[in-house]
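For reference, the chains in residue letters:
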Amino acid sequence: MKPIPTFLTDKLAIADQNKKENKAFLDRLKKKKPKDLDQQFHELHEEVFDEIDCLDCGNCCKTTSPIFQQKDIERMAKHFKMRPAEFVTQYLVEDDEHDFVFPAAPCPFLADDNYCMAYEARPNACREYPHTDRRKMHQILNLTYKNTLVCPAVSDIVEQIKINYANR
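Just so you know, these numbers come straight off a predicted model, no measurement behind them.

What counts, and where the lines are drawn
Residues numbered from 1 in each chain as written. Predicted model: local features only at pLDDT ≥ 70, side-chain atom pairs only at ≥ 80, totals over all residues. Heavy atoms only, no water. Helix = DSSP H or I, 4+ residues; strand = E, 2+ residues; numbered from the N terminus. Buried < 20%, exposed > 50% of the residue type's maximum accessible area, 1.4 Å probe, protein only. Phe/Tyr/Trp six-rings, centres within 6.5 Å; stacked < 30°, edge-to-face > 60°. Core = buried A, V, L, I, M, F, W, Y, C linked by side-chain atoms within 4.5 Å. Contact = heavy atoms within 4.5 Å. Arc of directions from axis to C-beta. Patch = residues over 30% accessible without salt bridge, like charges linked within 9 Å, V, L, I, M, F, W, Y side chains within 5 Å. Areas by Shrake-Rupley, 256 points an atom, 1.4 Å probe, with all protein chains shown as cover. Salt bridge = Lys/Arg side-chain N within 4 Å of Asp/Glu carboxyl O. Lys, Arg positive; Asp, Glu negative; His and termini not counted. Charge placed at Lys NZ, Arg CZ, Asp CG, Glu CD.

Novice: Is there a simple way to think about the environment of Leu-37 in this case?
Specialist: The topology assignment puts Leu-37 in helix α3 (residues 37-51). With a relative accessible area of 1%, Leu-37 lands in the buried category. Distance from Leu-37 to Met-137, taken between C-alpha atoms, is 6.9 Å for residues 100 residues apart in sequence.

Novice: Before we go on, may I ask you to explain the packing of aromatic side chains in this structure?
Specialist: What characterises a pair of aromatic rings is the spacing of the ring centres plus the angle enclosed by the ring planes. For the structure shown, the criterion picks out nine aromatic pairs. Measuring from centroid to centroid gives 6.0 Å for Phe-68 and Phe-87, while their planes differ by 55°, and the two rings are tilted. Here Phe-68, found in the loop between α4 (59-63) and α5 (70-79), pairs with Phe-87, found in helix α6 (residues 84-91); they are 19 residues apart in sequence, far enough to count as distant. Here Phe-87 falls in the buried class, since its relative accessible area comes to 0%. Ring centres of Phe-80 and Tyr-91 lie 6.3 Å apart, and the angle between their planes is 35°; this geometry places the pair in the tilted category.

Novice: I tried to follow the nonpolar core on my own but got confused; where do I start?
Specialist: Soluble, globular proteins show a tendency: their nonpolar side chains are buried together. Residues Leu-26, Leu-29, Leu-37, Phe-41 and Ile-161 are the most contacted members of the largest nonpolar core, which totals 22 residues. Only α2 (19-32), α3, α8 (141-148) and α9 (152-166) provide two or more residues apiece to this core. The element that contributes the greatest number of residues to this core is α9, accounting for six residues. The contacts of Leu-37, once residues within four sequence positions are left out, are Leu-29, Met-137, His-138, Leu-141 and Tyr-165. Counting residues in hydrophobic clusters, the runner-up holds 15 residues, among them Met-82, Phe-87, Leu-92 and Ala-121.

Novice: I would appreciate a short explanation of the environment of Arg-135 in the present structure.
Specialist: With respect to the secondary-structure elements, Arg-135 resides in the loop between α7 (124-128) and α8. Excluding residues within four positions of it along the chain, Arg-135 makes contact with Asp-38 and His-42.

Novice: How do you make sense of α6 when you look at a structure like this?
Specialist: Each full turn of the α-helix corresponds to 3.6 residues, which orients residues three or four apart in the same direction. Those residues of α6 that sit buried are Phe-87, Val-88 and Tyr-91. All buried residues of α6 project into a common sector of 100° when viewed along the axis, lining one side. Of the exposed residues in α6, the ones pointing more than 90 degrees away from its buried face are Ala-85, Thr-89 and Gln-90. Tucked into the core, α6 has its buried residues touching α5, β1 (93-94) and β2 (100-101).

Novice: Any chance you could explain a negative patch on the surface here in plain terms?
Specialist: Among the surface-exposed residues, Glu-43, Glu-46, Glu-47, Asp-50, Glu-51 and Asp-133 lie close enough to one another that they form a single negatively charged patch. Among the structural elements, Glu-51 can be located in helix α3.

Novice: Can you help me understand the pattern of salt bridges in this one?
Specialist: Opposite charge on two side chains allows them to pair when their charged atoms are near. The tally for this structure, following the rule as stated, stands at eight salt bridges. With a closest N to O distance of 3.2 Å, Lys-19 and Asp-16 form a salt bridge. Taking the relative accessible area as the measure of exposure, Lys-19 reaches 33% and is therefore partly exposed. By relative accessible area, Asp-16 is classed as partly exposed at 43%. Of the charged contacts in the structure, one is a salt bridge between Glu-128 and Arg-134, with a shortest N-O distance of 4.0 Å. It is possible to trace a salt-bridge network through shared partners that takes in Glu-21, Glu-159 and Lys-162.

Listed below in structure tokens is the structure:
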């Protein structure tokens, strides 16, 4: 498996060091619901992903499982020319929250070069990851916090947002 470059693991280390601070900061933002929060996230999302290539990292695919909705299961099953029930039996388990997920990491479709072997059929959760360009960001700040510990780009975005809001 392709190792994560040092400049990206450094960003994850910063997120780990700043866990408590980031959690408290994002909890405050969730309560305040700043009017420009979506704009802040979206602009920084574009900036950060101009500099970071997900294929250099792949940490999301190496460490976490997406949640599979029924449409995702059907799309993936069709991609692999199987019935949805076969796909579930072969690749997924039901978690404590009754969601279908992979039983273990890394993702079974992650290739050694960090490419996804099911990219065109990937689940919606993968398509939208890391969710930093969504609307109503204040509603998913708990998820954003968790993603700071997985995705160096999210860590970067949150660090910059902390700076932006500190200057106000």
